[in-house]
Amino acid sequence: MAGRPLRHRLRVRGWLEVCSPLHVGGLGHDPDVDLPVAFDGKSRLYVPGTSLAGVYRHWMTGRRTDANALGELWGFTDNTDGRASRVFVRDGLVCAEPNDEAPFPVTRLDARTSVGIDRYTGAAAYGILFSRAVIPVGAFIRFELDVESGATDPADVGWLRDRARLAALLDALSRGDMLLGAATTRGLGRIRLAPGVELEEHDLSNATGLIALLRGEPGRPGLDELRGEPDLDLRHRLAVTIDWAPDAAVMVRADRDGVAVDTLPLTGADGADTVRLVLPGSSVKGALRSHAERILRTLENRRAPRPVGDAIADATAFRAQLDQLHLAKVLFGAAPPATPSDVHHSVLGIPIDPADGIEKLPDAQDERSAIPGGPVGAPGRQFAYGVGAVAVADCRSAQPLAADVWRKIATEADLGAMLADSGKPEQDGQSYRQWLSAHGFDQADHVAIDRWTGGAADKLLFTVLEPWNVQWEPIELTVDIAPWGDEAHPSLALLMLVLRDLRDRRLPIGQGTTRGFGDITASVIIDTPDGTSELGDYLASPTGRRLRDAWEALWKEQAAA
């Protein structure tokens, strides 16, 4: 049977290192999480080849909007024509080290819990609490990829272009430019190609090449030999680096209480033997989004829909709050439109269209009609749902902590005796409190005050392990401005206002920001294709002035509406 011609093949083998927690969903029966990770037929953690191929193809497609962009390489299908991909991506086994014989142990999986914050009450939104299992930092994913060609001549222009595209893909993986799995704009899924990649080139067009392959002597070109013009129109991105230091305790609460200490800061695995404190990208992104929404609500004089105490109605109200503000959705994303099963005619009276989502939001202070093409943020101008432009990486503490000691801090009832038994403080004759202080922590005891007696309320004493003097890595944001179109200047102007307020100490992060936590001192660096500059210099540049003009025009547009 005649098949597709195969005369040349490039084969790549290596390992992808997990640089931030990773979630690729699958079927599971873990009662502790709502969203389990994927397992293969041997109950080993793995990443399906479909997930990996989708990430590689999306990156290579870049800014192209044609559905069949790069179809001659990655394959395509339509009503009348189609072809299979010439790129073969195999499933990636998840391992504890770069070794196929060391599958990652399931017992080392972490969990991440997320909660939605109601924009009216400032408390947790009803029904928006879920957890997902994640593969922790330090795991490795097997990387296996082939590119096939039917070109008869090794110097064929198409084959040289394929080689250059593959080299560009490997360079991007080595830089850590790609994100894999779910929640990639909220800190998850950062991967990087580890050194030691094996690259082979098979010449199947003649007997000499076939015999060399059978003898295990294929061509081994260097990556420099593949590089050339890759014919890629990649997306332009801004990189934002926020160097910061805490002025107060900064933390996100762990999803489980401790034994001797009630509230512990969230940590994430940093290899098999150490952990680090973590500010999840979801938490930082949520703080940025809430501040952006506050700015827009002030600009538009628009209130958030108010919950009324009805379970279904309040869940609908939370979706309505997120769907209200157009520019916030452009920056930070929007959920898919409501499906018929999601439609609830609640006491709020919010009409929902299964195709277009929420059409009109009730607001006593906003009686403007839904004018198509009207002011940004008006109900008639809704952002098409999807991933937002801003991706926020997890922020971790600069210094690791011993995993066994931290585990005991969470589970032991007598921390002083536990640390003495472990020998940690005995090295310097430190007490338990001194040991905590040396590592930047303080155990704070809190009590609620009875409003009638003025004394301590019964059974309302709790303790918090507060990180007061912990050094942190920078907060990193990536801003994809390619899909913005006409919204580029207003959206970017809004983001710069948020970053300016963060720099000027108007935006706390983490938990307990209404109770003295979360204050930081920060500096913001903007990295663009034209160069790197501090936020103040960027805003004073011609680009910054264009953003200011766009924001002033938006303000005048809203004032006239």
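Before going into details, it helps to say that this report is about the structure given with it. Note that the structure is a prediction, hence the values are computed from the model and not measured.

Some words on the overall build of the protein chain
Part 1 of the reasoning: When its secondary structure is counted, the protein chain shows 14 helices and 24 strands.
Part 2 of the reasoning: Each of the 561 residues in the protein chain was classed as buried or not, and the buried ones make up 46%.
Part 3 of the reasoning: Accessible surface computed for the protein chain: about 27,300 Å², of which carbon and sulfur atoms make up 51%.

Here's the deal with helix H14 (residues 542-560)
Structurally, the α-helix is built with 3.6 residues per turn, so residues lying three or four positions apart point the same way.
Part 1 of the reasoning: Its 19 residues place the ends of H14 27 Å apart at the C-alpha level, agreeing with the 27 Å of an ideal helix rising 1.5 Å per residue.
Part 2 of the reasoning: Every buried residue belonging to H14 is among Gly544, Leu547, Ala550, Trp551, Leu554 and Gln558, and all of these are buried. Projected onto a plane normal to the axis of H14, the buried residues spread over an arc of 120° and lie on a single side. Opposite the buried face of H14, by more than 90 degrees, sit the exposed residues Lys556, Ala559 and Ala560.
Part 3 of the reasoning: Structurally, H14 contributes buried residues whose contacts are with helix H6 (281-300), helix H8 (326-332), helix H12 (488-503) and helix H13 (535-540).

Focus on the packing of H6 against H14
Part 1 of the reasoning: Interaxial distance between H6 and H14 falls to 9 Å at its minimum, and their mutual angle equals 45°. By the criterion of interaxial angle, the relationship of H6 to H14 is oblique. Listed contacts from H14 to Ile295, Leu296, Leu299 and Glu300 of H6 are Trp551, Leu554, Trp555 and Gln558.

A few points about the packing of aromatic side chains
Two aromatic rings, taken as a pair, are described by how far apart their centres are and by the angle between their planes.
Part 1 of the reasoning: Applying the stated criterion across every chain, the model contains 3 aromatic pairs.
Part 2 of the reasoning: Judged by centre distance (5.5 Å) and plane angle (25°), the rings of Trp244 and Trp472 are stacked. Of this pair, Trp244 sits in strand S12 (residues 237-246) while Trp472 sits in the loop between strand S21 (456-467) and strand S22 (475-480), and the two are 228 residues apart along the sequence. Like Trp244, the residue Trp472 is buried in the burial classification.

Topic: empty space enclosed by the protein
Part 1 of the reasoning: For the coordinates displayed, the defined rule picks out 4 cavities of 30 Å³ or more.
Part 2 of the reasoning: Space inside the largest cavity adds up to approximately 80 Å³.
Part 3 of the reasoning: For the largest cavity, the full set of lining residues is Arg112, Thr113, Ser114, Arg132, Ala183, Arg186, Leu188, Pro280 and Ser282.
Part 4 of the reasoning: If you tally residues by element for the lining of the largest cavity, the top one is strand S7 (residues 110-117), at 3 residues.

So, the pattern of salt bridges
Part 1 of the reasoning: Enumeration over the complete set of coordinates arrives at 34 salt bridges.
Part 2 of the reasoning: Put simply, Asp162 and Arg86 hold a salt bridge, and the shortest N to O gap is 2.8 Å. Of this pair, Asp162 sits in helix H3 (residues 157-175) while Arg86 sits in the loop between strand S4 (82-83) and strand S5 (87-89); the two residues are 76 residues apart in sequence, bridging distant segments of the chain. Arg86 carries the same exposure label as Asp162, and that label is buried.
Part 3 of the reasoning: With a shortest N-O distance of 3.3 Å, Arg90 and Asp146 are connected by a salt bridge.

Overview of unusual backbone geometry
Part 1 of the reasoning: A positive phi angle, near 60°, is found at Leu70, a position not held by glycine.
Part 2 of the reasoning: Position of Leu70 relative to the elements: it lies in the loop between helix H1 (49-61) and helix H2 (71-74).

Things to note about the nonpolar core
Part 1 of the reasoning: Ile242, Trp244, Leu499 and Trp551 are the most contacted members of the largest nonpolar core, which totals 64 residues.
Part 2 of the reasoning: The biggest single contributor to this core is H12, with 9 residues.
Part 3 of the reasoning: In this structure, Ile242 is in contact with Pro474, Ile475, Leu477, Leu499, Leu502, Ala522, Ser523 and Val524, ignoring residues within four places of it in sequence.
Part 4 of the reasoning: Core analysis: the second largest hydrophobic core is formed by 46 residues, Tyr56, Leu173, Ile191 and Leu226 among them.

Remarks on the packing of H1 against H3
A packed helix pair is summarised by two numbers, namely the angle formed by the two axes and the spacing between the axes.
Part 1 of the reasoning: The contact between H1 and H3 brings their axes to 11 Å, and the two run at 110°. Classed by the angle they form, the pair H1 and H3 counts as roughly perpendicular. In this structure, H1 uses Tyr56, Trp59 and Met60 to contact H3, whose residues at the interface are Arg165, Ala168, Leu169, Ala172 and Leu173.
Part 2 of the reasoning: Grouping the amino acids of the contact of H1 with H3 by side-chain chemistry returns 7 nonpolar, no polar and 1 charged.

Comments concerning the layout of surface pockets
Part 1 of the reasoning: Volume-wise, the second largest pocket comes out at about 1,000 Å³.
Part 2 of the reasoning: In terms of lining, the second largest pocket is formed by 38 residues, of which the most central are Leu109, Asp110, Ala111, Arg256 and Thr267.
Part 3 of the reasoning: Contributing elements (two or more residues each) for the lining of the second largest pocket: S7, strand S13 (267-269), strand S14 (274-279) and helix H9 (403-411).
Part 4 of the reasoning: In terms of residue class, the lining of the second largest pocket is built from 20 nonpolar, 9 polar and 9 charged.

Thresholds, definitions, all that
- Residues numbered from 1 in each chain as written.
- Predicted model: local features only at pLDDT ≥ 70, side-chain atom pairs only at ≥ 80, totals over all residues.
- Heavy atoms only, no water.
- Helix = DSSP H or I, 4+ residues; strand = E, 2+ residues; numbered from the N terminus.
- Buried < 20%, exposed > 50% of the residue type's maximum accessible area, 1.4 Å probe, protein only.
- Areas by Shrake-Rupley, 256 points an atom, 1.4 Å probe, with all protein chains shown as cover.
- Expected span 1.5 Å × (residues − 1).
- Arc of directions from axis to C-beta.
- Contact = heavy atoms within 4.5 Å.
- Axes fitted to C-alpha atoms, helices over the stretch in contact; angles between N-to-C directions.
- Parallel < 35°, antiparallel > 145°, perpendicular 65-115°, else oblique.
- Phe/Tyr/Trp six-rings, centres within 6.5 Å; stacked < 30°, edge-to-face > 60°.
- 1 Å grid on protein atoms, 1.4 Å probe; cavity = no way out; pocket = protein on both sides within 12 Å on 5 of 7 lines; lining within 4 Å.
- Points joined across faces, edges and corners; volume = space filled by probe spheres on them.
- Salt bridge = Lys/Arg side-chain N within 4 Å of Asp/Glu carboxyl O.
- Core = buried A, V, L, I, M, F, W, Y, C linked by side-chain atoms within 4.5 Å.
- Nonpolar A, V, L, I, M, F, W, Y, C, P; charged D, E, K, R; others polar.

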